[in-house]
Structures are given as structure tokens and as C-alpha cells.
Amino acid sequence: MSRTIRIGTRDSQLALWQAKAVQGQLEYLGHPTELVKVKSTGDLVLDKPLYELGITGIFTKTLDVALLNNEIDIAVHSLKDVPTALPKGIVQAAVLKRGNVKDILVYKDNEEFLSQEKAVIATGSLRCKAQWLNRYPTHKVTDLRGNVNLRLQKLQDNEDWNGAIFAAAGLGRIGLSQKNSIPLDWMVPAPGQGAIMIAARKEDDDILEACKAINHEETEICTTVERLFLRYLEGGCTAPIGALCQIKDEQVHLQGILLNFDGTKKIEVKRFDPLGKHGGLAKYCADSILERGGKRLMGTPGSVSEQPPHIYSTKSLTPEQELLFRDGIRVKSTDAIKIYFNRIPKASLKRPLKNVLITSKNAAEAILFNLNKEELNFGNIYCVGRKTKRFVEKNIGNVTHYENNAADLAAYFDQHFSGTELTYFCSNIRLDELPDKLAKQGVVLEEIIAYETKLDADKIEHDLKGVMFFSPSGVSSYMQLNKPKGIAYCIGPTTAEEAANYFEDVKISSFPSAESLIELINSDL
């Protein structure tokens, strides 16, 4: 083919790098080329988050128009910016070999803010925002727009920002890799992240043939699966969706994630199929997420249901748990108490402890936050709650005895405990019943504040039919800002005792679990 291939591109430094990468490969094969620079709406409007602009394919639309008007022959895009449904008359002509798929955090001074309650992180991605808040719920995420260079400059100029999230491929391609950065291995990337895509007119056979020669097959397979997953979920740039597909040992592996906009809820899926038999992989994973409550998580950022909830839960419920409510019951759930693990002196944990009391999973996790299982030297371990017992036995050691609530464990100690010393790993907020009972028995109780409990319930302005409580602290947190409304549905007698100080109608689930509490509400309303 002797004609000059006109390569359409945005005029940012990164877009030009990508266009020149395509240009270099085409010219290596003998095709003459020229670059044609076009500005997109996404480059021109920098004062609004992307989702507020209401345009699908905001970084690709202008190039699509130029392509259909025959002003350019191919358009070069970051594949993650391309809508899953291409305009009529335009097709994907090729994808280059994929670069780094990871997101990275660029920080200014140090990484200490990662373990602190408050921090400010900047990103223009709803996906990154939702995943960050899911992992760091007390942090603030602020919007960040502009090209890579401008975003880096904004990070330095804003004194209250601790860090900003970037696609690793973008920084690396234009030589702006930062010394103060860490890869976010736990964050699921955007579908197509790290890949460069070439679009062309469907009927332009010469161009399609030229581009076919630089297509990277493995990248095409993986990004196609990711984008199909995105399409089946009916999400675009206005839904927090991540997907990563990789080929390992002749198997196609897909990891997908969907979150709500504030990151309080997420649904994940992982699956693999043999290479060549992976045609249904994307749909299977998307259907799995939708069946587990995915439709409830998708919507418009910041939107609020027109109808208020019937039930408020003082603990965040999983999508699967929310689906257990019978039709017609509207639920709002947030964590009314926030947990922060304390630094415990290692000497306090490594020494032999003959009798240990762990009354919550939070306390057990706080212990493991400071030391691993092999370094602990615990003798008899006593627990409150079946889930706490299971977690302790799996991660710390055998449990000598457990009861479902503190009152029953106090009664057990009254009859059976013969020790003189007991080490109690607890919160800064705890009930007095168990320590008081042990003190009367002459037991020397050593309390170690393993974690801090912060009361942080929402203020509910409307009437409720009921409130779900999972701990006495949850009751205290809720009552700081609210009046007793409806029925107090409690997970156990200790929680019910606290709720009875405020609510006239208090009910206890037959078993100490969220599922049992939901079953009680379904039969009651």
C-alpha cells in the first residue's frame, strides 16, 4: 500500500507517545505515515469529574468524528478510554502488546498516611476512588483531572493532598516514573488498562490489512474478555468496574470487581477457562456479579433513592446479605463504628500468656496486625462468639472455651475458671460485666487495648421501622445522633440490654448472625 496513513491522536504528551509507537511499527513495515492532532472534550473541560460530563467515550468521540469524516485513517487510543460499543462504521483494527496494567500511588513526603485515619488522595477515576475508599474508608478522595504532567503538578501544588493515583503505564511511557511511588497490587485495573488500541473505518480494507500486521494476539484476547465483561455489566466510565484477564499455562484467567460509588460495598469474581474454550468466561463472571446484587450497586454517582429505607443497619451488609431481605423492604447500611488497630509492644505479645481472653474478631485481627501466629505463646484462649472462635482457631491457636455472648462466658468463668491471671485484649470501649465478674473472683486482669473503636453512625432524618444492632457500641454510636425509631433488632442479649435503655421494643435474633437478624425482620414486617 503506497498511500500515507494519517494517524489521528490527542495532543497530550502521552497520547502523542502512543501515536508515535504505532507510527514506528507501521513505518518499520514500510508504510508512510503522518500524525494529525485533535483535541477531545475530555482535554478541554477540566473543571468537572468525568461522570458529570455525561458523554460516553469522552476522550475518543472527537477522533471518531474525524475518522468517519475521512480526515484521518486511523485513531490511536488508550483502550481503557474506548466505549465497549464502537460507533457504526468504526472497528478495532489492532491492539499493541500490552504495557504495565497496574495503578500506582504517587505520594509527596512519606507513606505514613496509609496507616492513619485521615488522608487526602486524588484521582479522576470512579473505579480507583471506590476501591481506595473500600480499603481506606476514613480517607477523603478528591477529583483530579488533566494530562499526566498537569496532574503531577496539581499533586505538588495542593498542600493537603497526600498522594494521587496514576496508571503505571502512562507515567512510564513518557519517562515520568516517580521515585516516591508504590504499586497498588491490590487494586483491580480498568478493562483494557495498559493497552493501546487502533480504530479504523470498517470498509477501509487496505488500512485494516496494514494494522493487522502489528496486532498482538494475546493482548487482543485478554482485553476482549475484559471489555465483554464490562459490556455485560452494562457499565461505562460511570460505574466503578475493574477487570484483569491474563493467560497462564494455556488457561484464560479473569478477575472482575464491581463496587458502589462510595466503596462501602463490592462484589468480586475470579474464574478461569482453557484457552480456546473461554468464549463464555466474561458472561459467566458478569452474571455471577449481577446475581449476587450487582444491579443494586450500579447507578448514578451521588444519587439518592427517592424512597427512604425501612431499616437502618449499624453494620455494612454485603450485597448477598441485602438480597436476603424480602421484596419491598428498603435497607441502608453503614458501619456505625470504625476500628483502628493499635501498635502493641512486641514484648507484651511474645511473652508466655497463660490465659487469654478475646471477645471479638477485631481483637484477634489487632493481635495479628502486630505479630504473626508463630511468634505468639498463648496458653488457654477464651472467646466470645462463634465467628471469633473460628477465626482464632484458624489464625492463632486452639480455643479452650467459648460462649456466644459475654454474659454466658462470665457465668462459665464463675463456675469453671481456676486461674489467677488473665490477659484481656479489648477495645478502648468495652462492657464492664466480664471484667467486674472476674475481679470479684480475685482474678488479676491485665487489659491490653488492642484496637480503638470510633463511634461514627449516620444521622437518620426520617422515620424507620427498625434498626439493626450488632454490638453495644453500635447502639451507643447510633444514639449519639439519633432518637429511638421503630424496633431495635439485636444480634444478642448483651446488645439487646444496651438497646433496651433507649428502645421500647427490642427483639433478639435466634442466632448471632446478620442472616438470622434479617430472617427475624422478614418475618416481623
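Throughout, a residue's number is its position along its own chain's written sequence, starting from 1. In keeping with the predicted nature of the model, local features appear solely for residues at pLDDT of at least 70, side-chain atom pairs appear and are counted solely at 80 or more, and the whole-chain, interface and lining totals rest on all residues. By convention in this description, side-chain values take in all heavy atoms of the structure and omit both hydrogens and water.

Caption draft 1: Structural context of the pairing of strand β10 (residues 196-201). Each residue is assigned to one of three classes by its accessible area relative to the maximum for its type, calculated with a 1.4 Å probe on protein chains only: buried under 20%, partly exposed between the two thresholds, exposed over 50%. Note on conventions: DSSP H or I runs of at least 4 residues are helices, E runs of at least 2 residues are strands, and numbering of each starts at the N terminus. With six of six residues buried, β10 lies mostly within the body of the structure. Residue alternation in β10 divides its side chains into two sets, Ile 196, Ile 198 and Ala 200 and Met 197, Ala 199 and Arg 201, and both sets are buried. When DSSP finds two or more bridges between a pair of strands, those strands are recorded as paired. In terms of strand pairing, strand β3 (residues 74-78) meets β10 through five bridges, oriented antiparallel. Its bridge partner lying in β10, Ile 74 is registered against Ala 200. In terms of strand pairing, strand β4 (residues 90-95) meets β10 through five bridges, oriented antiparallel. Following the sheet pairing, Gln 92 is matched in β10 by Ala 199.

Caption draft 2: Structural view of the sheet that holds strand β8 (residues 163-167). Taken in spatial order, the five strands make up an open sheet running β7-β6-β8-β5-β9, and their pairing is mixed. Two strands bound the open sheet, and with one partner strand each, they are β7 (140-142) and β9 (181-183). Taken over all neighbouring pairs, the strand axes of this sheet differ in orientation by 25° on average, direction set aside. Relative to the sheet, helix α6 (residues 148-157) contacts β5 (103-107) and β8, its axis offset from that of β8 by approximately 165°. Each axis is a line fitted through C-alpha atoms, taken for helices only over the stretch in contact, and angles between the N-to-C directions span 0 to 180 degrees. Residue contacts are defined here by distance: any two heavy atoms, one from each residue, within 4.5 Å place the two residues in contact.

Caption draft 3: Region of interest: the pattern of salt bridges. For salt bridges, the criterion is a side-chain nitrogen of Lys or Arg within 4 Å of an Asp or Glu carboxyl oxygen. Scanning the model with the defined rule gives 20 salt bridges in all. Residues Asp 204 and Arg 3 are paired through a salt bridge, measuring 2.9 Å at the closest nitrogen-oxygen approach. Here Asp 204, found in the loop between β10 and α8 (205-212), pairs with Arg 3, found in the segment before β1 (5-9); they are 201 residues apart in sequence, far enough to count as distant. Residue classification places Asp 204 among the buried residues on the basis of a relative accessible area of 10%. When its relative accessible area of 29% is taken as the criterion, Arg 3 is described as partly exposed.

Caption draft 4: Spatial organisation of the side chain of Thr 223. Structurally, the position occupied by Thr 223 is in helix α9 (residues 217-232). By relative accessible area, Thr 223 is classed as buried at 1%. When residues no more than four places from it in sequence are discounted, the contact partners of Thr 223 are Leu 79, Arg 98, Gly 192 and Ala 195.

Caption draft 5: Molecular detail of a negative patch on the surface. Candidates for patches are residues over 30% relative accessible area with no salt bridge; among them, like charges are joined within 9 Å and nonpolar side chains (Val, Leu, Ile, Met, Phe, Trp, Tyr) within 5 Å. Surface accessibility in these figures is a Shrake-Rupley result with a 1.4 Å probe; residues are shielded only by whichever protein chains are displayed. Asp and Glu are treated as the negative residues and Lys and Arg as the positive ones, with His and the ends of the chain left uncounted. Positions of charges follow a simple convention, taking NZ of Lys, CZ of Arg, CG of Asp or CD of Glu. A surface patch of negative charge is lined by Glu 203, Asp 205, Asp 206 and Glu 209. Structurally, Glu 209 is set in helix α8. Overall, the relative accessible area of 54% leaves Glu 209 in the exposed class.

Caption draft 6: Structural detail: the environment of His 253. Along the chain, the position of His 253 falls in strand β12 (residues 251-259). Classification of His 253 as partly exposed rests on a relative accessible area of 22%. Each C-alpha atom, one on His 253 and one on Thr 400, is 42 Å from the other, the two residues being 147 residues apart in sequence. Once you skip the residues sitting within four places of it in the chain, His 253 turns out to touch Leu 244, Cys 245, Gln 246, Lys 248, Arg 271 and Phe 272.

Caption draft 7: Examining the environment of Val 384 more closely. In this fold, Val 384 is placed in strand β18 (residues 378-384). Considering only alpha carbons, one finds Val 384 and Leu 409, 25 residues apart in sequence, at a separation of 7.1 Å. Those residues in contact with Val 384, other than ones at most four positions away along the chain, are Ile 358, Thr 359, Glu 403, Asn 404, Asn 405, Ala 406 and Leu 409.

Caption draft 8: Quick peek at the packing of aromatic side chains. Here a pair means two rings of Phe, Tyr or Trp (six-membered ring of Trp) with centres within 6.5 Å. Their orientation is stacked below 30 degrees between planes, edge-to-face above 60, and tilted elsewhere. Scanning the entire structure with this criterion turns up 13 aromatic pairs. On the basis of an interplanar angle of 80° and a centroid distance of 5.7 Å, the ring pair of Tyr 382 and Phe 417 is categorised as edge-to-face. With Tyr 382 in strand β18 and Phe 417 in the loop between α15 (406-416) and β20 (421-427), the pair connects residues that are 35 residues apart, well separated along the chain. With respect to class, Tyr 382 is no different from Phe 417; both count as buried.

Caption draft 9: Examining the sheet that holds β1 more closely. Sheet architecture is open: five strands sit in the order β2-β1-β3-β10-β4, paired in mixed fashion. Both outer strands of the open sheet, β2 (33-37) and β4, are each paired with one neighbouring strand and no more. This sheet shows a mean twist of 30° between the axes of neighbouring strands, independent of strand direction. Note: β1 against β2, five bridges, orientation parallel. Bridge pairing in β2 places Ile 7 opposite Leu 35.

Caption draft 10: Focus on unusual backbone geometry. Phi at Asn 70 takes a positive value of approximately 65°, unusual for a residue other than glycine. Secondary-structure assignment places Asn 70 in the loop between α4 (61-68) and β3. Overall, the relative accessible area of 42% leaves Asn 70 in the partly exposed class. For Asp 249, which is not glycine, the phi torsion reads 50° and is therefore positive. The exposure class of Asp 249 is exposed, given its relative accessible area of 74%.

Caption draft 11: Broad picture of the state of the cysteines. In this description, the term disulfide denotes a pair of cysteine sulfurs within 2.5 Å. Taken as a whole and judged by the stated rule, the model has zero disulfides. The cysteine Cys 245 is free of any disulfide, with Cys 222 supplying the nearest cysteine sulfur at 4.1 Å.

Caption draft 12: Seen up close, the packing of α9 against helix α10 (residues 281-297). Between α9 and α10, the shortest axis-to-axis distance is 8 Å and the interhelical angle comes to 35°. Note that α9 runs across α10; the crossing there is right-handed. In this structure, α9 contributes Val 225, Leu 228, Phe 229 and Tyr 232 to the contact, and α10 contributes Leu 281, Ala 282, Lys 283, Cys 285, Ala 286, Ile 289 and Leu 290. Think of it as three bins: nonpolar holds Ala, Val, Leu, Ile, Met, Phe, Trp, Tyr, Cys and Pro, charged holds Asp, Glu, Lys and Arg, and polar takes everything else, Gly as well. When the residues that make up the contact of α9 with α10 are grouped by side-chain class, the tally is 10 nonpolar, no polar and one charged. In this scheme, a crossing is called left-handed if the near helix is turned counterclockwise away from the far one by less than a right angle; it is called right-handed if the turn is clockwise.

Caption draft 13: A look at the nonpolar core. Nonpolar core, defined: a set of buried Ala, Val, Leu, Ile, Met, Phe, Trp, Tyr and Cys residues in which side-chain atoms within 4.5 Å join the residues together. Counting residues in hydrophobic clusters, the biggest one holds 22 residues, and the most contacted among them are Ile 358, Phe 378, Val 392, Ile 396 and Phe 425. It is helix α13 (residues 361-370) that provides the largest number of residues to this core, a total of four residues. Sequence-distant contacts of Ile 358, that is, excluding residues within four places in its chain, are made with Ala 363, Ala 364, Ile 367, Ile 381, Tyr 382, Cys 383, Val 384, Thr 388, Val 392 and Ile 396. Counting residues in hydrophobic clusters, the runner-up holds 20 residues, among them Leu 230, Leu 258, Leu 281 and Leu 297.

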